[in-house]
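One-letter residues, chain by chain:
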Amino acid sequence: MNKLAEPSRKSAGTSSVVAKPLTQEKAHAGPSDAALVVAARAGEKWAQEALFRRHARMVNGLAYRLLGRDDELDDLVQTAFMAAFRDLGRLAEPQAFGSWLASITVRTTHKLLRRRKMLTRLGLREPANVELDTLLGASLPATVQRELREIYGVLDALPGEARIALVLHRVDGLSIPEIAERMALSESTVKRRLRLAEGEVGKHRERAARESSS
Amino acid sequence: MTRLRDHLSAPVDEARIERQWSALGQAGLPRAEGRSRRLVWVLAGALAMAAAFGLALQLQPEVEPAPQARKAAEQLPTGAVLESADAEVAVQLSDGSQVALAPRAQVRVRSNKPKVIELELQSGRARFDVRHDTGRRFAVQVGGAEVRVLGTRFELARSERTDGTFVQVTVREGVVEVEVTRAAQREVTRIHANESWSTIFPSAVPEPVPAPVHDLSVDTAEPEASISRPRKPARPAAATSDDADPASDLFTQATLARRAGRMREAADSYGELLERYPSDARSALSAFELGRLRMDALDDPAGAIDALERALKAGASASFREDALARIVVASDALGRTQQCLRARQRYAEQYPSGVHRAALEQRCQ
């Protein structure tokens, strides 16, 4: 959902203003995504490059928020774009390339998290936990810091789907239907995963409150 | 309004993006899979038509089959054939899943048991709204492909061409698995939401076994008699309800604009739909989407509250009612309307005591 965590307030009466556009709303110079998709399907490398350059920041940002660390970001971005270019022929609505690519990024991240967890269990790699201090810059407002610490403080303890659902919901502000679409899950499954994750966030908050009072 | 994500920026600059692009090039950029594998991927124009068709069906996600059709469907024996004439019809299967047949479509029931649903699309197009049940097999045979699902919404189309049987799968929600066997080679493909897959089976598909026909285009007050009725020839296509449904067009327009990131345009279309067709079946969902857009993209929390309240009054379905109630709390909070926020939070807590937004809402209305 949206901004359940958004801390800012506005004075009563402010409304109906066309605000700053979201990244995805920015008017892109040059051909539309739909046109680029059609050209890329036809094997035009320049169209693939244009799609990459247009959406690379979105994919990097999404993957970074889901992983909570930087070291596997490049591999993940590469895997997501490779999958997108390979499966471009399946995209039913070429103009929706951005949201389709975001779904692929979410799935790719989920696979990475599962593989990582398995290798860690087998003792084949060190745990790769969220890098909280790198993630949260010192300049963030205190309320934002607190909320992000609550969320990212529990991520490593959560199963992959619950982790992704929590970040998409609380950090990215997606609604449950949107998360369901991104993760290819039913809405009721998303709600179950969110309940689990929110339960952990609640416990984390209580622990933090106890520690600060003692 | 900012989201938490706006405070988290990935450590990515132009130089890193450049390196990532170079790495992609070195790894060998893949080409979109095409005819070389004998799979014909749908091109833009055809996709737009398919998407338009899919959306038109999606606009009526709660297709309620006529009582007589549902009653008859529950008695569908193995081998029965569902056939639509010149209008879309929907039937409910024994596990609660729904099948909506587009005009002049034919679906054969291979099994209609609660734990095994097996259908065959013999001609035309159909939408499947499948209830999630991991213990039940749900499969649809179409041409030489078998489409297997757990719980999802998807459409199938089949048409006979001079070069073979054309089959198309379009997934709206969830994931389906398509298994194709050619020359003793099994090929399994997973199709995700917003993806479309198609192929041509050059070899002739065996003729369906003659079966009793259940013609849904006629009054089925006596279902037993209608099931054994001889098959009628397909009637000429007539205009579907969506052909002359401006509310449907507006909804489609809004959905496409939203998916393409044109939020203002999407909001205008939803707003127009609500203004011109306030009692349309899609008004609750349109009001919810409008509220979401005003809140997330257009920085209009007051307008968002109006739209979300309207969605609730219009009978928002359970899938987004909870979200609407929670959003009203957040929007009121953003406007600094503490009393309204507290009332909205109380309303949410009463209706969803264990709701997924409860913890987050507790931080609100301070």
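Once a new chain begins, its residue numbering starts again from 1 and follows that chain's sequence as written. In the order they appear in the text, chains get letters beginning with A and ligands get numbers beginning with 1. It should be noted that, the model being predicted, local features are given only for residues of pLDDT at least 70 and side-chain atom pairs only at 80 or more, the latter also being counted only at that level, while totals for whole chains, interfaces and linings use all residues. Processing note: side-chain calculations cover all non-hydrogen atoms of the structure and skip hydrogens and water entirely.

**So, helix α6 (residues 142-155) of chain A**
Residues and elements named next belong to chain A.
Next, step 1: For α6, spanning 14 residues, the distance from its first C-alpha to its last is 20 Å, which sits close to the expected 20 Å at 1.5 Å a residue.
Next, step 2: What α6 keeps buried is the set Val144, Gln145, Glu147, Leu148, Glu150, Ile151, Tyr152, Val154 and Leu155.
Next, step 3: Whether two residues are in contact is decided by their heavy atoms, any of which lying within 4.5 Å being enough. Counting from the N terminus, the helices are DSSP H or I runs at least four residues long and the strands are E runs at least two residues long. Packing partners of the buried residues in α6 comprise α2 (45-67), α5 (132-135), α7 (160-171) and α9 (187-213). Each helix should span, by expectation, one fewer than its residue count multiplied by 1.5 Å. Burial classes follow relative accessibility: with a 1.4 Å probe on protein chains only, a residue under 20% of its type's maximum area counts as buried, one over 50% as exposed, and anything between as partly exposed.

**Topic: the environment of Leu29 of chain B**
Next, step 1: Here Leu29 of chain B is to be found in the loop between α1 (14-27) and α2 (44-58).
Next, step 2: Judged by its relative accessible area of 19%, Leu29 of chain B falls in the buried class.
Next, step 3: With residues near it in sequence (within four places) discarded, Leu29 of chain B still touches Lys45, Gln48 and Phe85 of chain A together with Trp21 and Leu24 of chain B.

**Some remarks on the pattern of salt bridges**
Any two side chains of opposite charge can pair if their charged atoms end up close together.
Next, step 1: For this analysis, a salt bridge means a side-chain nitrogen from Lys or Arg found within 4 Å of a carboxyl oxygen belonging to Asp or Glu. Per the stated rule, a full pass over the model turns up 38 salt bridges over all chains.
Next, step 2: The salt bridge involving Arg69 of chain A is made with Asp71 of chain A; its shortest N-O contact spans 2.8 Å.
Next, step 3: Among the residues examined, Asp71 of chain A registers a relative accessible area of 47% and is labelled partly exposed.
Next, step 4: Arg172 of chain B is paired through a salt bridge with Glu155 of chain B; the nearest N and O atoms lie 3.3 Å apart. One end of the pair, Arg172 of chain B, is in strand β9 (residues 164-173); the other, Glu155 of chain B, is in strand β8 (residues 153-161), with 17 residues separating them in the sequence.

**Topic: the packing of α6 of chain A against α9 of chain A**
All names here are of chain A.
Next, step 1: Comment: axis = line fitted to C-alpha atoms, over the contacting stretch for helices; angle = value between 0 and 180 degrees taken between N-to-C directions. Look at α6 against α9: their axes get within 9 Å of each other, and the N-to-C directions meet at 115 degrees. Between α6 and α9, the angle falls in the class roughly perpendicular. For the crossing formed where α6 meets α9, the hand is right-handed. Counted together, Arg149, Glu150, Gly153 and Val154 of α6 and Glu200, Val201, His204 and Arg205 of α9 form the full contact between these two elements. Here is the rule for angles: anything less than 35 degrees is roughly parallel, anything more than 145 is roughly antiparallel, 65 through 115 is roughly perpendicular, and the remaining ranges are oblique. Should the near helix be turned counterclockwise from the far one by less than a right angle, the crossing is left-handed, whereas a clockwise turn marks it as right-handed.

**Some remarks on the side chain of Arg69 of chain A**
Residues and elements named next belong to chain A.
Next, step 1: With respect to the secondary-structure elements, Arg69 resides in the loop between α2 and α3 (73-86).
Next, step 2: For this analysis, a polar contact is any N or O atom pair within 3.5 Å, provided that within protein one partner can donate a hydrogen and the other can accept it, and provided that sequence-adjacent residues contribute only side-chain to side-chain pairs. A distance of 2.8 Å separates a polar atom in the side chain of Arg69 from a polar atom in the side chain of Asp71.
Next, step 3: Residues within four places of Arg69 in sequence aside, it is in contact with Tyr64, Arg116, Ala128, Asn129 and Glu131.

**Things to note about the pairing of β9 of chain B**
Looking down a regular strand, the side chains alternate between one sheet face and the other.
Residues and elements named next belong to chain B.
Next, step 1: Of all 10 residues in β9, 9 are buried; the element is thus mostly enclosed.
Next, step 2: A strand pair is defined by DSSP finding two or more bridges across the two strands. In this structure, β8 lies alongside β9, joined through 9 bridges in antiparallel fashion. Residue pairing in the sheet places Leu156 in a bridge with Val169 of β9.
Next, step 3: Turn length for the β8-β9 hairpin, with the two strands adjacent in sequence and antiparallel, is 2 residues.
Next, step 4: Relative to strand β12 (residues 195-201), β9 runs antiparallel, the two sharing 7 bridges. Each bridged residue has a counterpart across the sheet, and for Val171 the counterpart in β12 is Glu195.

**Here's the deal with the nonpolar core**
Next, step 1: Buried Ala, Val, Leu, Ile, Met, Phe, Trp, Tyr and Cys residues form a nonpolar core when they are joined through side-chain atoms within 4.5 Å. Counting residues in hydrophobic clusters, the biggest one holds 71 residues, and the most contacted among them are Phe52, Leu148, Tyr152 and Leu168 of chain A.
Next, step 2: Looking at this core element by element, the count peaks at 10 residues for α2 of chain A.
Next, step 3: Beyond its immediate stretch of four places on either side in the chain, Phe52 of chain A contacts Val77, Phe81 and Phe85 of chain A together with Ile17, Gln20, Trp21 and Leu24 of chain B.
Next, step 4: Grouped together as the second largest cluster of nonpolar side chains are 40 residues, Ala284, Leu298, Val329 and Leu335 of chain B included.

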